[in-house]
Amino acid sequence: MTTAPARDTTALRDALGPLRDREQIALRLLESSAKHSFDPDTELDWDSAVEEGKWFWPPELLSLYGTPLWDRMSEEQRLDLSRHEGAALASLGIWFEIILMQLLVRHVYDKPVTSNHVRYALTEIADECRHSIMFGRMIDWGGAPTYPVPRVYHNLARVLKTVSTTPGSFAATLLGEEVLDWMQRLTFPDERVQTLVRGVTRIHVIEEARHVRYAREELRRQMVTAPRWERELTKVSCGEAARVFSVCFVNPQVYENVGLDRREAVAQVRASGHRAEVMQSGAKRLTDFFDDIGLLNGVGRRLWRSSGLLA
């Protein structure tokens, strides 16, 4: 007879209250995965044509929205900007998800392979594989190029994947998931947006909700149980990740590809109060959570403010 993994009965709590049993959380997430998972290859109509006059991303979420340059752009150019920024965000999403999959594999490497916790991690990795394929197909469907992150950050991620501590891994995971998730929650019900793009964001939002829950609960646990040096390191690594994320969020090559002056566009985005508000609104639920569990103290808060994601 196979013996089930022992439940985690250690009484742990943080500023948000008692931590829930790790195995029970994973079991609920596995049950939800069984009921609400999607195969994008069959769920979405990849043979559909691009719809004339529809956006690839809500205009209010585009980087140049509300700037003087936006006011000078034609409607055709604005729509094309949405196509390229959508592709850039999908490219960024694939990069993050490939990093996340490797971090999750490292997380479960030494854990009981029959536990619900490991089973769910492997289920999430399967989700992320499908998401990365889905984002790649969406880029190809829209006819835009891919937008790799700058080489320095691509290589910096190699270091992260090798040396990241467990709380640092889950903090970075949430950073990559929650801001994009906030934007996608505004995208999938928006009838101004391409039907296929709305379908992609809907699938991602539904499945990503489980990933966020898993990462939040595990990060809380790690911040309680990790040694002090690891918690302090996580504050710094998380703040640096926020800076990289904010830099990579829109690739400046997008502006050249839609016929804009790159320097002027980048300068106007940096000066845009609307853009700052969008990014801080997208990160607020996450920064409130990080604040509650002690990740935004001292140098961590300064790094987050310098990233532009925290007011």
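Residues numbered from 1 in each chain as written. Predicted model: local features only at pLDDT ≥ 70, side-chain atom pairs only at ≥ 80, totals over all residues. Heavy atoms only, no water.

Caption draft 1: Here's a closer look at the overall build of the protein. The number of helices and strands found in the protein is 13 helices and two strands. In terms of overall dimensions, the protein is globule-like: its C-alpha atoms have a radius of gyration of 20 Å, near the 19 Å expected for 311 residues. With the principal axes as the frame, the protein shows a C-alpha extent of 65 × 45 × 30 Å. Here the protein holds 311 residues, and 53% of them are scored as buried. Long-range contacts, defined here as pairs at least 24 residues apart, represent 82% of the contacts in the protein between residues at least 6 apart. Counting 40 positive and 43 negative side-chain charges, the protein places the centres of these two groups 7 Å from one another. (Helix = DSSP H or I, 4+ residues; strand = E, 2+ residues; numbered from the N terminus. Rg over C-alpha atoms; globule rule 2.2 N^0.38 Å. Buried < 20%, exposed > 50% of the residue type's maximum accessible area, 1.4 Å probe, protein only. Contact = heavy atoms within 4.5 Å. Lys, Arg positive; Asp, Glu negative; His and termini not counted. Charge placed at Lys NZ, Arg CZ, Asp CG, Glu CD.)

Caption draft 2: The arrangement of empty space enclosed by the protein in detail. One pass over the full model with this rule turns up two cavities of 30 Å³ or more. Quantified by volume, the largest cavity comes out at close to 280 Å³. When residues of the lining of the largest cavity are traced back to their parent elements, those giving at least two are helix H4 (75-108), helix H5 (116-142), helix H7 (166-187) and helix H8 (195-225). Counting residues per element, the lining of the largest cavity draws most heavily on H4, at nine residues. Of the voids in this model, the second largest cavity is the one considered here, and its volume is about 60 Å³. (1 Å grid on protein atoms, 1.4 Å probe; cavity = no way out; pocket = protein on both sides within 12 Å on 5 of 7 lines; lining within 4 Å. Points joined across faces, edges and corners; volume = space filled by probe spheres on them.)

Caption draft 3: Main features of the packing of H5 against H8. Orientation of H5 relative to H8, taken along the N-to-C sense of each, is 155°, at an axis distance of 10 Å. Of the possible angle classes, the one that applies to H5 and H8 is roughly antiparallel. As for how H5 packs across H8, the hand of that crossing is left-handed. Residues His117, Tyr120, Ala121, Glu124, Asp127, Glu128, Arg130, His131, Met134, Phe135, Met138 and Trp141 of H5 lie in contact with H8, whose contacting residues are Leu196, Val197, Val200, Ile203, His204, Glu207, Glu208, Arg210, His211, Tyr214 and Glu218. (Axes fitted to C-alpha atoms, helices over the stretch in contact; angles between N-to-C directions. Parallel < 35°, antiparallel > 145°, perpendicular 65-115°, else oblique. Left-handed = near helix turned anticlockwise from the far one by under 90°.)

Caption draft 4: Representation of the nonpolar core within the structure. Among the nonpolar cores identified, the biggest contains 89 residues, and Leu64, Leu219, Phe249, Tyr255, Phe290 and Trp304 are the most heavily contacted of them. At 16 residues, the largest contribution of residues to this core is made by H4. Leaving out residues up to four positions away in the same chain, Trp304 has contacts with Leu175, Cys238, Gly239, Ala242, Leu286, Thr287, Phe290, Leu296, Leu309 and Leu310. (Core = buried A, V, L, I, M, F, W, Y, C linked by side-chain atoms within 4.5 Å.)

Caption draft 5: Fine view of the packing of aromatic side chains. Overall, the coordinates contain 10 aromatic pairs when judged by the stated rule. A ring pair is formed by Tyr120 and Tyr214, whose centres lie 4.9 Å apart and whose planes are at 50°; its orientation type is tilted. Of this pair, Tyr120 sits in helix H5 while Tyr214 sits in helix H8, placing them 94 residues apart in sequence. Seen in terms of ring centroids, Phe290 and Trp304 are 5.8 Å apart; in terms of plane orientation they differ by 75°. Their pairing is edge-to-face. Here Trp304 lies in helix H13 (residues 299-307) and Phe290 lies in helix H12 (residues 273-292), a separation of 14 residues in the sequence. Of the two residues, Phe290 and Trp304, neither departs from the other in class, the shared state being buried. The structure contains a cluster of three or more aromatic residues connected by ring pairs, namely Trp95, Phe96, Phe245 and Phe249. Positioned above the aromatic ring of Phe289 is the side chain of Arg216, whose terminal nitrogen or guanidinium carbon lies 4.2 Å from the ring centre. (Phe/Tyr/Trp six-rings, centres within 6.5 Å; stacked < 30°, edge-to-face > 60°. Lys NZ or Arg CZ within 6 Å of the ring centre and 35° of its normal.)

Caption draft 6: Geometry of the side chain of Ser169. Position of Ser169 among the secondary structure elements: in helix H7. Judged by its relative accessible area of 7%, Ser169 is buried. With residues near it in sequence (within four places) discarded, Ser169 still touches Leu103 and Ser164.

Caption draft 7: Representation of H5 within the structure. Between its first and last C-alpha atoms H5 spans 39 Å; for 27 residues at 1.5 Å apiece the expected length is 39 Å, and the two agree. Looking one or two residues beyond H5, the residue adopting positive phi is Gly143, at roughly 80°. (Expected span 1.5 Å × (residues − 1).)

Caption draft 8: Quick look at the layout of surface pockets. Its volume calculated, the largest pocket comes out at about 640 Å³. Lining the largest pocket are 26 residues, and of these Ser246, Val247, Val250, Val269 and Arg270 lie nearest its centre. Taken together, the elements giving at least two residues each to the lining of the largest pocket come down to H4, helix H9 (228-248), helix H11 (262-271), H12 and H13. For the lining of the largest pocket, the class distribution of residues is 17 nonpolar, seven polar and two charged. (Nonpolar A, V, L, I, M, F, W, Y, C, P; charged D, E, K, R; others polar.)

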